[in-house]
Amino acid sequence: MAMMEISKDQIIELPGLPSLSSSDFPSFVFDDVKSNDWAVESIKRQIEILNSEENPRILVNTFDALELNALRVLKNVTMVGIGPLIPSSFLDEKDRKDNFFAADMIESENNYMEWLDARANKSVIYIAFGSYAEISSQWMEEISQGLLKCGRPFLWVIRETLNGEKPEEKLTCKDELEKIGRIVCWCSQMEVLKHSSVGCFLTHCGWNSTLESLASGVPIVACPIWNDQICNAKLIQDVWKIGVRVNANKEGIVKRDEFQKCIEIVMGDAEEGEELRKNAQKWKDLAKESTKENSSSNVNLKAYVNECLLGHC
């Protein structure tokens, strides 16, 4: 697949999307990098499958209120929003004691949920970069120093490496960090995001994490790394207006002052932070509404199932 050529300042208009610059596209569109081959090949295979079908339908983990234009933009493919695909117990605002994950989590990771219970409302920064994304030791150091400059409590998920190493052990300020926050190797993300003490989510903007944060009403500090995360960050900041995106320097590194600035915008009492929290609550309500009986995602899924039963799928 040939890479597109576009100048840095050129603006591209695509149906169903906001105006995009080269920095807003998934990384595999412009970067001719070997590590992107799997993404390009996967997309090509999916396009070939869709082209081979007469009336292709795709179930999409989104909902009409969030992305109606994008869902309708392809004329030869029917995209059906059935999301957010999140356990109903989280959308229904049930107490975590009613959730079947709770017992396992409270026993794991040195009771991080109990630690969250002891924090003030909307005071904690939650940090996680998903199950696959990896960040460099330099980025980790900058995040660490940014957290220290903020001085706010945090819960940071840092996965162990495949050979069992703990990357946090290499941080120069680990002892200072542990005085104000917690570092764990795993947590139940939805349990954390629904906790009343969590005030923002520093995330790589993977789609699942984005939807989970949106459905929980938690504003975002967007720190995309590659692929679709970059475009997701654009939507988070400029379309849904539920977060701010960090800016990297010329070397591609986000510095500690930038992390501090973005966290303070999202967590602070200034008008910008208030607006982000207001928008986050709005999308949380719309996400919950979409899954109710006779609402968009519920109706869409029922219609799809009925068509399949009639042999139209």
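Cut-offs and rules
Residues numbered from 1 in each chain as written. Predicted model: local features only at pLDDT ≥ 70, side-chain atom pairs only at ≥ 80, totals over all residues. Heavy atoms only, no water. Phe/Tyr/Trp six-rings, centres within 6.5 Å; stacked < 30°, edge-to-face > 60°. Helix = DSSP H or I, 4+ residues; strand = E, 2+ residues; numbered from the N terminus. Buried < 20%, exposed > 50% of the residue type's maximum accessible area, 1.4 Å probe, protein only. Pairing = 2+ DSSP bridges. Axes fitted to C-alpha atoms, helices over the stretch in contact; angles between N-to-C directions. Contact = heavy atoms within 4.5 Å. Salt bridge = Lys/Arg side-chain N within 4 Å of Asp/Glu carboxyl O. Right-handed = clockwise from strand over helix to strand, strands pointing away. Parallel < 35°, antiparallel > 145°, perpendicular 65-115°, else oblique. Nonpolar A, V, L, I, M, F, W, Y, C, P; charged D, E, K, R; others polar.

Describe the packing of aromatic side chains, and please don't skip the residues or the numbers.
Taken as a whole and assessed by the stated rule, the structure comprises two aromatic pairs. Here Tyr126 and Phe201 contribute two aromatic rings whose centre-to-centre distance is 4.8 Å and whose plane-to-plane angle is 25 degrees, an arrangement assigned as stacked. Of this pair, Tyr126 sits in strand E3 (residues 124-128) while Phe201 sits in strand E6 (residues 198-203); the two residues are 75 residues apart in sequence, bridging distant segments of the chain. The residues Tyr126 and Phe201 share a single accessibility class, namely buried. Measuring from centroid to centroid gives 6.1 Å for Trp207 and Trp240, while their planes differ by 55 degrees, and the two rings are tilted. Remark: Trp240 occurs in the loop between helix H11 (228-239) and strand E8 (243-245) and Trp207 occurs in helix H10 (residues 207-216); sequence separation between them is 33 residues. Accessibility expressed as a relative area gives 2% for Trp240, which makes it buried.

How would you sum up the sheet that holds E6? Please name residues and give values.
With parallel pairing, the six strands of this open sheet are ordered in space as E5-E4-E3-E6-E7-E8. Bordering the open sheet on either side are strand E5 (182-184) and E8, each of which pairs with just one other strand. Averaged over all adjacent pairs, the angle separating strand axes in this sheet is 15 degrees, with direction ignored. Here three bridges tie strand E7 (residues 220-222) to E8, and the two strands are oriented parallel to one another. Each residue of the ladder has a partner; that of Val221, found in E8, is Val244. Against the sheet, H11 touches E7 and E8, its axis set at about 135 degrees to E8.

Requested: an account of the side chain of Gln145, with residues and values cited.
As for its placement among the helices and strands, Gln145 is situated in helix H7 (residues 137-150). Look past the residues within four positions of Gln145 in its chain and what remains in contact with it is Thr172, Cys173 and Arg256.

Tell me about the side chain of Asp24, and name the residues and values.
Along the chain, Asp24 falls in the segment before helix H1 (27-30). We classify Asp24 as buried; its relative accessible area is 6%.

Report on the pattern of salt bridges, specifying residues and quantitative values.
Per the stated rule, a full pass over the model turns up 16 salt bridges. Linking Glu264 and Arg152 is a salt bridge whose minimum nitrogen-to-oxygen distance equals 2.9 Å. Taken together, the residues span a long stretch of sequence, with Glu264 in helix H12 (residues 256-267) and Arg152 in the loop between H7 and strand E4 (154-157) at a distance of 112 residues. For Glu264, a relative accessible area of 27% corresponds to the partly exposed category. On the basis of relative accessibility, which here comes to 22%, the residue Arg152 falls in the partly exposed class. Between Lys174 and Glu178 there is a salt bridge, with its nearest N and O atoms 2.7 Å apart. Of the two residues, Lys174 and Glu178 both sit in helix H8 (residues 174-180), four residues apart, roughly one turn of that helix. With relative accessibility at 15%, the residue Lys174 sits in the buried group. In this structure Glu178 comes out as partly exposed when scored by relative accessible area, which is 42%.

Please provide a residue-by-residue account of the pairing of strand E1 (residues 57-60), values included.
Pairing between E1 and strand E2 (residues 78-81): four bridges, direction parallel. Across the sheet, Ile58 pairs through a bridge with Met79, a residue of E2. Following the backbone out of E1, through helix H3 (residues 64-72) and into the adjacent parallel E2, one traces a crossover that is right-handed.

Tell me what's going on with the packing of H10 against helix H13 (residues 271-290), and back it up with residues and numbers.
The contact between H10 and H13 brings their axes to 6 Å, and the two run at 100 degrees. By the angle between their axes, H10 is roughly perpendicular relative to H13. Every residue of H13 that contacts H10 at Leu214, Ala215 and Ser216 is listed here: Ala280, Trp283, Lys284 and Ala287. Classifying every residue of the contact of H10 with H13 gives five nonpolar, one polar and one charged.

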